[in-house]
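# Results of the structural survey
Chain by chain, the residues:
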Amino acid sequence: MSSSTFNSDRYLVIVLVGGLLVLAFILFGLELFLRNQASGSAGDQQYRERFLHGTAPWVAFGDSHVEGGLLSVAWLDNLGKASDNLETISDKVSLRLQRGGLQGVILPADPQIFSFYRLSAKQENRIDALRSDPSVSLFILNPSYRQYLEMIFWTLVQKPIHFFVGENERTEQDKEADSWNRTIAIRVQLHTPVPNIFDLDAADQYRKMVQVLKSHGLAVCLVRYPVSHDYLLATQKLDGFENAQNFFKAVSSNLNVHFVDLSEILPNEIFDDPDHVPPSARGEVTAFVKERCDIQ
């Protein structure tokens, strides 16, 4: 074997080993990040246990506004989950309804339910994962996270430090570099409802969900969750948010269910995220929901 052939083969081995090491690093980073996220949101297994075996007379469904906005207490099982769209919420309502034992259901009345990115999201695997006992130990194989892996992968490649440093451990310089107004602009743009909400198939699905719950003799309360004043001010410049608000009010009036708007109840200065309830206020928001939904 000539020296040039030997060197070529050795180079190929080095490249292959290096590639495998990089791939292993990326997969390790993805797994670590997903486990950190699950730990930060009380874990999928705890959520699944609450969903399948919780005994509170009231349940709340929705996205991260619900998940991070309410406490699970004696009278309430919080079944909100970040990014759940209307299709997933409707399926979860039907699945939980089969088990019975409920007095009432709290449904989200946040405008982003009718935003394009929520209406177009494919989330079939979320219900599959909830129905079946998880058998995979690796989070990167969990179907609940499949839709996010590409986004997480590229973030890991570009900014790997974000996967190994918690949000609370970021430097003050990093935090100051984040533009509050820019974050609001991005969030509002993402959350803007599509036009003609009243004519959407999704609107019919929402109405039917309320009707089904009422036909089972359950009380229903539609809740819009607190956001910062700055975020709310930005939304008021766009017709889509007002249209969504009018839709929820119409459902409330036509189907005789409570509509509770809590969007302005918290002072702007306590928010460290433009549209999510800070942990310190979850107890207060839970109490507001109970009072204004007239839950005994």
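Residues numbered from 1 in each chain as written. Predicted model: local features only at pLDDT ≥ 70, side-chain atom pairs only at ≥ 80, totals over all residues. Heavy atoms only, no water.

### Points about the packing of aromatic side chains
Convention followed: Stacked, tilted and edge-to-face are the three classes applied to pairs of Phe, Tyr and Trp rings, where Trp contributes its six-membered ring and a pair requires centres within 6.5 Å; stacked means planes under 30 degrees apart, edge-to-face means over 60, and tilted covers the rest. Here a strand is any run of E in DSSP of at least two residues, a helix any run of H or I of at least four, and the numbering for each starts at the N terminus. Exposure categories follow from relative accessible area, calculated using a 1.4 Å probe and restricted to protein chains: below 20% of the type maximum is buried, above 50% is exposed, and the middle band is partly exposed.
This model, assessed by the stated rule, comprises eight aromatic pairs. Centroid distance tyrosine 47 to phenylalanine 51: 6.4 Å. Interplanar angle 35 degrees. Geometry classified as tilted. With tyrosine 47 and phenylalanine 51 both in helix 2 (residues 44–53) and four residues apart, the pair spans about one turn of that helix. Taking the relative accessible area as the measure of exposure, phenylalanine 51 reaches 1% and is therefore buried. Measuring from ring centre to ring centre gives 5.2 Å for phenylalanine 114 and phenylalanine 247, while their planes differ by 85 degrees; the resulting arrangement is edge-to-face.

### Regarding the layout of surface pockets
Cut-off, in case you're wondering: Grid points spaced at 1 Å over the protein atoms alone were grouped into cavities, where a 1.4 Å probe fits but cannot get out, and pockets, open sets with protein on both sides within 12 Å along at least five of seven lines, with lining residues defined by an atom within 4 Å of a point. Grid points are joined across faces, edges and corners, and a volume is the space filled by probe spheres set on the points. Residues are grouped as follows: Ala, Val, Leu, Ile, Met, Phe, Trp, Tyr, Cys and Pro are nonpolar; Asp, Glu, Lys and Arg are charged; every other residue, Gly included, is polar.
The space that makes up the second largest pocket amounts to roughly 260 Å³. Lining the second largest pocket are 15 residues, with Asn85, Glu87, Thr88, Leu119 and Ala121 sitting closest to its centre. Residue classes in the lining of the second largest pocket are distributed as six nonpolar, four polar and five charged.

### A few points about the packing of helix 10 (residues 201–215) against helix 12 (residues 239–255)
Put simply, the test is: Fitted lines through C-alpha atoms serve as axes, helices being fitted only where they are in contact, and the angles separating the N-to-C directions of these axes extend from 0 to 180 degrees. For any pair of crossing helices, the crossing counts as left-handed if the nearer helix is rotated counterclockwise from the farther one by less than a right angle, and right-handed if it is rotated clockwise. Here, two residues are considered to be in contact whenever any of their heavy atoms come within 4.5 Å of each other.
Taken N-terminus to C-terminus, the directions of helix 10 and helix 12 make an angle of 35 degrees; their axes are 11 Å apart at the nearest point. Crossing handedness for the pair helix 10 and helix 12: right-handed. Across the interface between the two elements, Ala203, Tyr206, Arg207, Val210, Gln211 and Lys214 of helix 10 pack against Phe247, Phe248, Val251 and Leu255 of helix 12. Class assignment of the residues belonging to the contact of helix 10 with helix 12 gives a composition of seven nonpolar, one polar and two charged.

### Overview of the sheet that holds strand 3 (residues 104–108)
Rules: Here, strands pair whenever DSSP counts at least two bridges between them.
The five strands are arranged 2-1-3-4-5 in an open sheet whose pairing can be described as parallel. Two strands in the sheet have a free side with no partner beyond their single neighbour: strand 2 (76–78) and strand 5 (258–261). Along the sheet, successive strands turn relative to each other by an average axial angle of 20 degrees, direction set aside. As paired strands, strand 4 (residues 219–224) and strand 5 are joined by four bridges and run parallel to one another. If you follow leucine 222 over to strand 5, its bridge partner there is phenylalanine 259.

### Considerations on a negative patch on the surface
Here is the rule we go by: Patch construction takes residues with relative accessible area above 30% that form no salt bridge. Like charges are linked within 9 Å, and nonpolar side chains (Val, Leu, Ile, Met, Phe, Trp, Tyr) are linked within 5 Å. Using the Shrake-Rupley algorithm and a 1.4 Å probe, accessible areas are obtained, with residue cover drawn only from the displayed protein chains. Take a side-chain nitrogen of Lys or Arg and a carboxyl oxygen of Asp or Glu: if they are within 4 Å of each other, that pair is a salt bridge. Counted as positive: Lys and Arg. Counted as negative: Asp and Glu, with His and the chain ends omitted from the count. A charged residue contributes its charge at one atom only: NZ of Lys, CZ of Arg, CG of Asp or CD of Glu.
Together, Glu87, Asp91, Glu124 and Asp128 make up a region of like negative charge exposed at the surface. Where the negative patch is concerned, the elements lending two or more residues are helix 4 (86–99) and helix 6 (124–131). Note that glutamate 124 resides in helix 6. Judged by relative accessible area, which is 53%, glutamate 124 ranks as exposed.

### Some details on a nonpolar patch on the surface
Together, Val13, Val17 and Leu21 make up a nonpolar patch on the protein surface, roughly 280 Å² of accessible area in all. Here valine 13 lies in helix 1 (residues 3–40). By relative accessible area, which is 49% here, valine 13 ends up partly exposed.

### A look at the confidence of the model for the protein chain
To keep it simple, the criterion reads: Confidence of the predictor at the level of single residues is given by pLDDT, which spans 0 to 100.
Residues at a pLDDT of 70 or more form 77% of the protein chain, whose mean pLDDT is 85. Under a pLDDT of 50 for its full length, residues 163–167 has, in the predicted model, 12 contacts with residues more than four places off or in other chains.

### Quick notes on empty space enclosed by the protein
Throughout the structure, instances matching the rule amount to one cavity of 30 Å³ or more. Roughly 30 Å³ of internal volume is contained in the largest cavity.

### Regarding the nonpolar core
It is characteristic of soluble globular proteins that their nonpolar side chains tend to be buried jointly. Applicable threshold: In plain words, nonpolar cores are sets of buried Ala, Val, Leu, Ile, Met, Phe, Trp, Tyr and Cys residues tied together by side-chain atoms within 4.5 Å.
Leu107, Phe114, Tyr206, Val210 and Leu222 are the most contacted members of the largest nonpolar core, which totals 36 residues. Ranked by residue count, the leading element in this core is helix 10, at six residues. Each residue touching phenylalanine 114, except ones within four places of it in the same chain, is listed here: Leu86, Leu119, Pro193, Val194, Ile197, Leu200, Ala202, Ala203, Tyr206, Phe247 and Phe248. Judged by nonpolar contacts, the second largest core, of 21 residues, contains Trp58, Leu266, Phe288 and Ile295.

### Observations regarding the side chain of glutamine 245
Structurally, glutamine 245 can be placed in helix 12. Using a relative accessible area of 12% as the deciding quantity, one classes glutamine 245 as buried. In this view, glutamine 245 contacts Arg224, Phe259 and Asp261; residues no more than four positions away in its chain are not counted.

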